[in-house]
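Coordinate analysis (summary)
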Amino acid sequence: MKRSKFYIDRNTSAAYLALLFMAASAIIRVIYYSVTPMTPLVFWVHFVNVIAAAVVFAVAVIVFGERCPQLTAIPVLMGVVFFMVKAFTFETLIHTVLCLILYTAVLVLYTLTVFGIIRTKYLLYPLFGLPLLYHIFVEDMQIYILADPQPPFFEWLPEISVLCIMAALLCVSVAMRKRAATVG
């Protein structure tokens, strides 16, 4: 079976944007959770896990992106754990189930792509881009912009952090380049 080997070209603006968005996500989480009471679950899953994923993502892109982009699947897995735990707090069962399916698809499609089993990166664009656009223009518009009264800006920070993660994954997908196909 032929596999397409991808690498992350860290010298592209998309790679720099991916790193910037992921760093912004981590910084926003530190700001928000440094003054917000946390249960142990929130501390470990929403704070420690997401910060660790951001660090692993940065190291994987900067140090290993050209030789071993498969390592970026680790922080994607960590992020999927966060998003799945978060999904169980949604108000409706259908929203929870649809998001669990989406998060599973993210993990599977991203992992199969960076391992070269899926031979195109273009499936990742709508996989990350469409939920990002949905959050910005549909969900967040109702919850934050059009809400009456609007929640204080500080309460937007966790969602802004999530948007940064989604944008980082879209950008890293754009920064992927294909090597010549090999047999193996």
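Look a little higher up for the structure.
Attention in this report is confined to the structure presented alongside it. Throughout, residues of each chain are indexed from 1 in the direction in which the sequence is written. It should be noted that, the model being predicted, local features are given only for residues of pLDDT at least 70 and side-chain atom pairs only at 80 or more, the latter also being counted only at that level, while totals for whole chains, interfaces and linings use all residues. Side-chain figures throughout are based on the complete set of non-hydrogen atoms in the structure, without hydrogens or water.

Residues belong to a common nonpolar core when they are buried Ala, Val, Leu, Ile, Met, Phe, Trp, Tyr or Cys residues joined through side-chain atoms within 4.5 Å. Summary of the burial criterion: residues with accessible area below 20% of their type's maximum are buried, those above 50% are exposed, and those between are partly exposed, where the area comes from a 1.4 Å probe applied to protein chains only. Counting residues in each nonpolar core, the largest one holds 48 residues, and the members touching the most others are Phe57, Tyr103, Tyr110, Phe128, Val172 and Met176. Contributing elements (two or more residues each) for this core: β2 (6–8), α1 (13–33), α2 (40–62), α3 (73–87), α4 (93–114), α5 (124–145) and α6 (157–175). Only DSSP runs of H or I with at least four residues qualify as helices, and only runs of E with at least two residues qualify as strands; both kinds are numbered from the N terminus onward. With 12 residues, α6 is the largest single contributor of residues to this core. Residues are treated as being in contact if the distance between any of their heavy atoms lies within 4.5 Å. Setting aside anything within four residues of it in sequence, one finds methionine 176 in contact with Phe6, Tyr7, Ile8, Tyr110, Thr113, Val114, Lys121 and Leu124.

Here the focus is the layout of surface pockets. Grid spacing is 1 Å over the protein atoms alone, the probe is 1.4 Å, and a cavity is where that probe fits but cannot get out, while a pocket is an open set with protein on both sides within 12 Å along at least five of seven lines and lining residues have an atom within 4 Å of a point. Grid points are joined across faces, edges and corners, and a volume is the space filled by probe spheres set on the points. Estimated volume of the largest pocket: approximately 530 Å³. Lining the largest pocket are 19 residues; nearest its centre among them are Lys86, Thr89, Phe90, Tyr144 and Glu159. Contributing elements (two or more residues each) for the lining of the largest pocket: α1, α3, α5 and α6. For the lining of the largest pocket, the element with the most residues is α5, which contributes 4 residues. All residues other than Ala, Val, Leu, Ile, Met, Phe, Trp, Tyr, Cys, Pro, Asp, Glu, Lys and Arg, Gly among them, are scored as polar; the first ten of these are nonpolar and the last four charged. Residue classes in the lining of the largest pocket are distributed as 8 nonpolar, 4 polar and 7 charged. By volume, the second largest pocket amounts to about 420 Å³. Considering each element in turn, the lining of the second largest pocket owes the most residues, 8 residues, to α3. Partitioned by chemical class, the residues of the lining of the second largest pocket number 23 nonpolar, 4 polar and 2 charged.

This next bit is on the packing of aromatic side chains. Two aromatic rings, drawn from Phe, Tyr or Trp (for Trp, its six-membered ring), form a pair once their centres lie within 6.5 Å of each other, and the interplanar angle then sorts them: stacked below 30 degrees, edge-to-face above 60, tilted otherwise. Tallying each qualifying case throughout the model produces 11 aromatic pairs. On the basis of an interplanar angle of 80 degrees and a centroid distance of 4.9 Å, the ring pair of phenylalanine 43 and tryptophan 44 is categorised as edge-to-face. By relative accessible area, tryptophan 44 is classed as exposed at 53%. Each ring, one from phenylalanine 43 and one from phenylalanine 47, has its centre 5.9 Å from the other, and the planes form 35 degrees; the classification is tilted. Taken as a pair, phenylalanine 43 and phenylalanine 47 lie in helix α2 at a separation of 4 residues, close to a single helical turn. The structure contains a cluster of three or more aromatic residues connected by ring pairs, namely Tyr32, Tyr33, Phe43, Trp44, Phe47 and Phe154.

Note that all results are geometric; they support no functional claim without further evidence.
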